[in-house]
Amino acid sequence: MSALVFVLGIPLLGGLALAFYGHRLWARDVNVGFSLGTFLAACFLTNHTIDHGPELLWDQQFYIDQLNVFLVTLTAFVSLTTAIFSRPYMRVEQDHGKMTPPRMRLYHSMYQLFSFTMLLGFTTNNLGIIWVAMEAATLTTVLLVSVYRTSASLEAAWKYFILCGVGIAQALFGTILLYMAADKVLGAEHATLLWTSLNDVKGQLDPTIITLAFVFLLIGYGTKVGLVPLHSWLPDAHAEGPTPVSAVLSGLLLNVAMYAVLRCKVLTDGALGTQMAGQLMMGFGLLSVTVAAFFLSRQKDVKRMFSYSSIEHMGLITFAFGMGSPLANFAGLLHMTVHSLVKSAIFFTVGHATQKAGTQVMSEIRGLIKVNPTVGWGLMLGVMAILGMPPFGVFASEFLILTTAMREQPWAAPFLFLALGIAFASILARVLPMVFGDTTLKPLAHPPALLPVFLHLVLALVLGLYIPPYLNGWYVQAAALLGG
Amino acid sequence: MSTLAPQLINLFATLILLLSFSMISQRRIVSLINLFAIQGAALVAASFLLGYVTHQPDLYVSGVLTLVLKVIFIPWMLHRLIRKLNVRWDVETLFNVPTTMLVGIGLVIFSFSLALPISRLSQSIAGGSLGIALACVLLSFMMMITRSKAVPQVIGFLSMENGLIFAATTVTNGMPMIVEFGIALDVLVGVLILGVFMFQIREKFDSLDIHNLETLKDDSA
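Residues numbered from 1 in each chain as written. Chains lettered and ligands numbered in written order. Predicted model: local features only at pLDDT ≥ 70, side-chain atom pairs only at ≥ 80, totals over all residues.

Engineer: Can you tell me about the overall build of chain A, naming the residues and giving the values?
Structural biologist: Counting its secondary structure elements, chain A contains 19 helices and two strands. Relative to the globule expectation of 23 Å for 484 residues, the C-alpha radius of gyration of chain A, 21 Å, shows essentially globular dimensions. Projecting the C-alpha coordinates of chain A onto the three principal axes gives extents of approximately 70 × 55 × 45 Å. Across the 484 residues of chain A, 63% fall into the buried class. (Helix = DSSP H or I, 4+ residues; strand = E, 2+ residues; numbered from the N terminus. Rg over C-alpha atoms; globule rule 2.2 N^0.38 Å. Buried ≥ 20, exposed ≤ 12 C-beta atoms within 10 Å, placed from the backbone.)

Below, the structure is given as structure tokens:
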């Protein structure tokens, strides 16, 4: 029996169990337990895939290869650390009266179901099921964003639902067109949406249909990636939901959407034999990086600022995959990993900081390093990491992306440098007073869980200094699967 | 049969498009829900007919799914919802109907020109309906943009889903069964969540006007 049963089964079971018992005091520990189980199963699955190579499971409905198994492990890991972080965090929220027992039940249950939908999206071989999983992920996170039931969170959740619903409907249309192309090649009897089968015949897929299909798929899934100009749901949803939700939205959900785009790009490239898909992605990516950098500099709310930073980084990743050379794909995958780790670590520290200050307005958060040195240093180091300071991993991946861009797409390099420069200056100018200013705040009632923060940062640091050979080989294989 | 079937399917396709237009211009919420149910029924009829002509049992299943969900359950739920929310007889003031209609016609022409090169390639007998399906999706999209009340926005969302299912039915003789079920499940859960949201929005804002939901701006803090 494959470890995949447990990778998918544990969070699904967790979601059902916590729907009944999620309000109990011990539910937060059980939540961590389920996430831990999922992570261990993901490790076994990864180990198996490294030894035995890609495999098709259960009537070809599931497909595990080097590309998605690495994202599965990353997702399971960040879900676990976020669950650990959310234990004391949500307890404080309960003390503040923002969470009630029924809301805790909803929160825990949806947290596990959200993990399930993301893992389903990564592991399924059926492009239709990827769509279903993305939509289901939207539904669970809509409930998570609105869990405080304030007018701001309701507004954010409604916008999130409507905008992503519209966006993802375009992706469904793209999927239908893809199915039509498959129908033409394989015949009505054997028509299929299985990615592996489509990949085998990608050279024969009709270019006219595939071109239109990819445009719809990119717009649809791009809405969920947060590509400009389809990004307007993202800052609201990130800023108004509970902080653990911001962390997983930013660190993980955007990756799932990116992954869906990548799978479609491989088929499109194979069918067209041109750079059309890559050029579209570079265009959207570059637009996202630059626009997000400018918006970022105008923010006053700390969670909004970092959600614009997520748009910026997803734009950079889209641009890297758009370039499509093996080195660019490698850099894109590395950047996906380090961005997930570092951005969720930042949200963890920001969560504690905003809880302490009782506000998300940056000008009212001061002197974190005096109230709680570990939170202060955690935020400072996290920000250094996300801004691409050596020796953190983001430096390595950004360096690779920028040098590749200078060589392959020199026209784009100045825009990238300008955007990264603006982001650097504006984030640093906001965060320094937050960390080092004067303050009168008191420490929190429950000690914050800072283990996840430093665990993530250490991993990002290690990836910046030295990528172990097996991990390196794994990235290279995954990058090769993306073609180029 | 061989000449009648494509004509009948084209008839249903036109009916679905016509219903999309009438939804755009419909001011009463009650009538809007009824129009949505009729559109679902036309979709079901098209699925059954295509299933009969092409001997594909999958299309019957898909038709039954649409019947239960979009013709019976969701309209019933929406009727109950507007009764409970006491907005049953609400009349919405619409933004300049003739202009909206003209823009709608433009969208239809755009969809047809986009779908034409692809429709030619379709092997299905109803392949020509792709343009109509795309037009329905875009018209529903426009409806969601122009409406300011929560219920019509949700109906726009559902009607968009109708257009997509119609595309899948006519162009490819239906998606794989497991995908159809997944989509139906997502739609069902989505509608239930939106229903709950409407009560919460009403409680917070004393109205279902989406214009209240415009406080989150970048510099609002």
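Picking up after the structure, the text goes on.
Engineer: Give a description of the overall build of chain B that names residues and reports values.
Structural biologist: The helix and strand tally for chain B stands at seven helices and zero strands. Scanning chain B from its N terminus toward the C terminus, one meets helices and strands in the order α-α-α-α-α-α-α. Here the C-alpha radius of gyration of chain B, 18 Å, is about what a compact globule of 221 residues would show, namely 17 Å. Based on the C-alpha atoms only, the size of chain B along its principal axes is roughly 60 × 35 × 35 Å. Expressed as a percentage of the 221 residues in chain B, the buried residues total 45%. Restricting the contact set of chain B to residue pairs at least 6 apart, pairs at least 24 apart contribute 73%. (Contact = placed C-beta atoms within 7 Å.)

Engineer: An account of unusual backbone geometry is needed here, citing residue identities and associated values.
Structural biologist: In this chain, A:Val228 is followed by A:Pro229 through a cis amide linkage whose omega measures 5°. As for its placement among the helices and strands, A:Pro229 is situated in the loop between α8 (207-225) and α9 (233-240). Going from A:Pro390 to A:Pro391, the amide bond is cis rather than trans, its omega being 5°. Take A:Pro391: it is sitting in the loop between α15 (373-386) and α16 (393-408). Positive phi, normally seen in glycine, also occurs at A:Arg149, with a value near 60°. The residue A:Arg149 is located in the loop between α5 (127-145) and α6 (151-190) in this model. Given 15 C-beta atoms within a 10 Å radius, A:Arg149 is considered partly exposed. Even without glycine at this site, B:His55 takes up a positive phi of about 55°. B:His55 gets classed as exposed once you count the C-beta atoms within 10 Å, which come to 7.

Engineer: How would you sum up the interface of chain A and chain B? Please name residues and give values.
Structural biologist: Facing the 46 residues of chain A at the interface are 39 residues of chain B. When residues of the side of chain A that touches chain B are traced back to their parent elements, those giving at least two are α5, α6 and α8 of chain A. Residue composition of the side of chain A that touches chain B, by class: 27 nonpolar, seven polar and 12 charged. (Nonpolar A, V, L, I, M, F, W, Y, C, P; charged D, E, K, R; others polar.)

Engineer: If you had to explain helix α13 (residues 326-357) of chain A to someone new, which residues and values would you point to?
Structural biologist: The periodicity of an α-helix, 3.6 residues per turn, causes residues three or four positions apart to be oriented the same way. Residue and element names in this part refer to chain A. Taking 1.5 Å of rise per residue, the 32 residues of α13 would be expected to cover 46 Å, and the 46 Å separating its terminal C-alpha atoms lies within 8% of that figure. Counting buried residues along α13, 29 of its 32 residues qualify, which places the element largely inside the surrounding structure. Looking one or two places after α13, you find Gly358, whose phi comes out positive at around 70°. (Expected span 1.5 Å × (residues − 1).)

Engineer: Pulling in residues and values, what's your account of the packing of α13(A) against α15(A)?
Structural biologist: Residues and elements named next belong to chain A. For the pair α13 and α15, interaxial distance at closest approach is 9 Å and the crossing angle is 150°. The crossing of α13 and α15 is left-handed. For the pair formed by α13 and α15, the contact residues are Val342, Lys343, Ala345, Ile346, Thr349, Val350, His352 and Ala353 on the first element and Val375, Gly378, Leu379, Gly382, Val383, Ala385 and Ile386 on the second. Tallied by class, the residues present in the contact of α13 with α15 amount to 10 nonpolar, four polar and one charged. (Axes fitted to C-alpha atoms, helices over the stretch in contact; angles between N-to-C directions. Left-handed = near helix turned anticlockwise from the far one by under 90°.)

Engineer: Explain the environment of A:Leu463 residue by residue, including any values.
Structural biologist: Residue and element names in this part refer to chain A. Here Leu463 is to be found in helix α18 (residues 451-465). Take Leu463: there are 23 C-beta atoms within 10 Å of it, and that puts it in the buried class. For the pair Leu463 and Ile346, spaced 117 residues apart in sequence, the C-alpha separation works out to 17 Å. Setting aside chain neighbours within four positions, we find Leu463 in contact with Leu334, Thr337, Val338, Gly393 and Ala396.

Engineer: An account of the environment of B:Val179 is needed here, citing residue identities and associated values.
Structural biologist: Following the sequence through the fold, B:Val179 ends up in helix α7 (residues 177-205). Exposure remark for B:Val179: the 23 C-beta atoms within 10 Å place this residue in the buried category. Not counting residues up to four positions away in its chain, the partners in contact with B:Val179 are A:Asn126, A:Gly128, A:Ile129, A:Val132 and A:Leu193.

Engineer: Describe in detail the packing of helix α3 (residues 66-95) of chain A against helix α4 (residues 101-123) of chain A, supporting the description with residues and values.
Structural biologist: All names here are of chain A. Where α3 meets α4, the closest approach of the two axes is 10 Å, and the angle between their N-to-C directions is 170°. Overall, the two elements α3 and α4 adopt an arrangement that is roughly antiparallel. On the side of α3, the interface is formed by Asn68, Leu71, Val72, Thr75, Ser79, Met90 and Gln94, while α4 contributes Met104, Tyr107, Ser115, Met118, Leu119, Phe122 and Thr123. Class assignment of the residues belonging to the contact of α3 with α4 gives a composition of eight nonpolar, six polar and no charged. (Parallel < 35°, antiparallel > 145°, perpendicular 65-115°, else oblique.)

Engineer: Got a sec to walk through the environment of A:Asn329? Specific residues and values, please.
Structural biologist: For A:Asn329, the location among the structural elements is in helix α13. Considered as a pair, A:Asn329 and A:Ser109 are 220 residues apart in the sequence and their alpha carbons are 35 Å apart.

Engineer: Now, about the confidence of the model for chain B: what can you tell me, with residues and values included?
Structural biologist: All names here are of chain B. Here chain B averages 83 in pLDDT, while 93% of its residues score no lower than 70. Averaged over each element, pLDDT in chain B is lowest for α7 (83) and highest for helix α2 (residues 29-54) (89). On the interface metric, ipTM, the complex scores 0.88, and its pTM is 0.90. (pLDDT = per-residue confidence, 0-100.)

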